[in-house]
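What the coordinates show
Given next are the chains, with one letter for each unit.
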Amino acid sequence: MNENEKLVEGLLNEGYLKTPALKDAFTKIDRKDFVPEDLKGEAYGNYPLPIGFGQTISQPLTVAFMLELLQPHPGEKILDIGSGSGWQTCLLAYVVGKSSKGKVVAVERIPELRKMTETNVSKYGFIESGIVRAILADGSKGFPGEAPFDKIIAAASGKSLPDAWKEQLKVGGKMIVPIKNSVFVFEKVSEKSFEEKEYPGFSFVPLIKD
Ligand code: SAH
């Protein structure tokens, strides 16, 4: 078993990873490809690591927990806000790209980190195949040019749920959103109504509005 497989095994044993398609994605997409050169030796620790500009590659258990709530499926179009290292973007692309039409729209507000998303995601060919689009923008406004989305996920935490995300999600769609120190699931049950569930006890970098 290689080091990345050991990380996956730990996430399975601790109950964070459950779904076979996600286990497969975490196994195939190696976290080492997304951490800075000087931190490669720590790529498989279950903690966040700095990626520059005061930002981090998210903690594996948090990414696993949030993707299990999101339940991405082949063929879906997903908005990934705060793409940073591109690790979560790649995990999503691996799953949705199993069927044509599957697409991940990755939004990042720091130019150097948008470039990092693109460079790292490119290691798996998902930019070249058109499955991932890496965009420089303030994701708190969503991304109207690619809306509507089947699902939305954010990696940075704000004080409330942005209206743009509510509008850009399809009816029947789902969003996984950090707010303060909780992960929220919002399901859009009709044009104007959402069902929500809160999972407290997490920590995130702030969602910055430009
Ligand atoms: N999924 C990433 C998480 C990076 S941390 C990874 O595992 O590497 C969260 C990211 O959100 C940071 O890169 C930060 O720059 C970005 N971010 C914060 N506010 C944002 C905004 N309004 N729009 C887009 N990206 C934002």
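The structure under discussion appears in the preceding block.
Since the model is a prediction, treat every value here as computed from it, not as a measurement.

1. Describing the packing of helix 2 (residues 20–28) against helix 4 (residues 87–96)
- Their axes nearest at 9 Å, the elements helix 2 and helix 4 cross at an angle of 125°. Taken together, the axes of helix 2 and helix 4 lie oblique to each other. In the packing of helix 2 onto helix 4, the handedness of the crossing is right-handed. Of helix 4, the residues touching helix 2 (which contributes Ala21, Leu22, Asp24, Ala25, Phe26 and Lys28) are Trp87, Leu91, Tyr94 and Val95.
- A per-class count over the contact of helix 2 with helix 4 returns eight nonpolar, no polar and two charged.

2. Describing the nonpolar core
- Counting residues in hydrophobic clusters, the biggest one holds 47 residues, and the most contacted among them are Phe26, Leu67 and Phe126.
- Among the secondary structure elements, those contributing two or more residues to this core are helix 1 (3–13), helix 2, strand 1 (49–52), helix 3 (60–70), helix 4, strand 4 (103–108), helix 5 (111–122) and strand 9 (182–188).
- Counting residues in hydrophobic clusters, the runner-up holds 20 residues, among them Ile81, Val177, Phe184 and Phe186.

3. Some words on the site of the ligand
- The environment of the ligand is made up of 24 residues, and the closest members are Ser85, Glu108, Asp138, Gly139 and Ile208.
- Surface burial for the ligand is 99%, taken as the share of its 570 Å² of free accessible area covered by protein chains.
- Sorting the residues of the shell around the ligand by element identifies strand 2 (55–57), strand 4 and strand 11 (205–206) as the ones contributing at least two each.
- Ranked by residue count, the leading element in the shell around the ligand is strand 2, at three residues.
- Along the lines of polarity and charge, the residues of the shell around the ligand split into eleven nonpolar, ten polar and three charged.

4. A closer look at the packing of aromatic side chains
- Using the criterion set out here, one finds seven aromatic pairs in the structure.
- With centroids separated by 5.7 Å and ring planes inclined at 85°, the aromatic side chains of Phe26 and Trp87 adopt a geometry described as edge-to-face. Residue Phe26 is found in helix 2, and its partner Trp87 is found in helix 4; the two are separated by 61 residues along the sequence.
- By relative accessible area, Trp87 is classed as buried at 2%.
- Pairing Phe65 with Tyr199 gives two aromatic rings, centres 5.3 Å apart and planes at 80°, and the pair type is edge-to-face. Placement of the pair is Phe65 in helix 3 and Tyr199 in strand 10 (residues 194–200), with a sequence separation of 134 residues.
- Judged by its relative accessible area of 18%, Phe65 falls in the buried class.
- By relative accessible area, which is 22% here, Tyr199 ends up partly exposed.
- Grouping aromatic residues by their ring pairs yields a cluster made of Phe65, Tyr199, Phe202 and Phe204.
- Over the face of the ring belonging to Trp87 we find Arg31, whose NZ or CZ atom lies 5.1 Å from the ring centre.

Parameters at a glance
- Residues numbered from 1 in each chain as written.
- Predicted model: local features only at pLDDT ≥ 70, side-chain atom pairs only at ≥ 80, totals over all residues.
- Heavy atoms only, no water.
- Axes fitted to C-alpha atoms, helices over the stretch in contact; angles between N-to-C directions.
- Helix = DSSP H or I, 4+ residues; strand = E, 2+ residues; numbered from the N terminus.
- Parallel < 35°, antiparallel > 145°, perpendicular 65-115°, else oblique.
- Left-handed = near helix turned anticlockwise from the far one by under 90°.
- Contact = heavy atoms within 4.5 Å.
- Nonpolar A, V, L, I, M, F, W, Y, C, P; charged D, E, K, R; others polar.
- Core = buried A, V, L, I, M, F, W, Y, C linked by side-chain atoms within 4.5 Å.
- Buried < 20%, exposed > 50% of the residue type's maximum accessible area, 1.4 Å probe, protein only.
- Near = heavy atom within 4 Å.
- Areas by Shrake-Rupley, 256 points an atom, 1.4 Å probe, with all protein chains shown as cover.
- Phe/Tyr/Trp six-rings, centres within 6.5 Å; stacked < 30°, edge-to-face > 60°.
- Lys NZ or Arg CZ within 6 Å of the ring centre and 35° of its normal.

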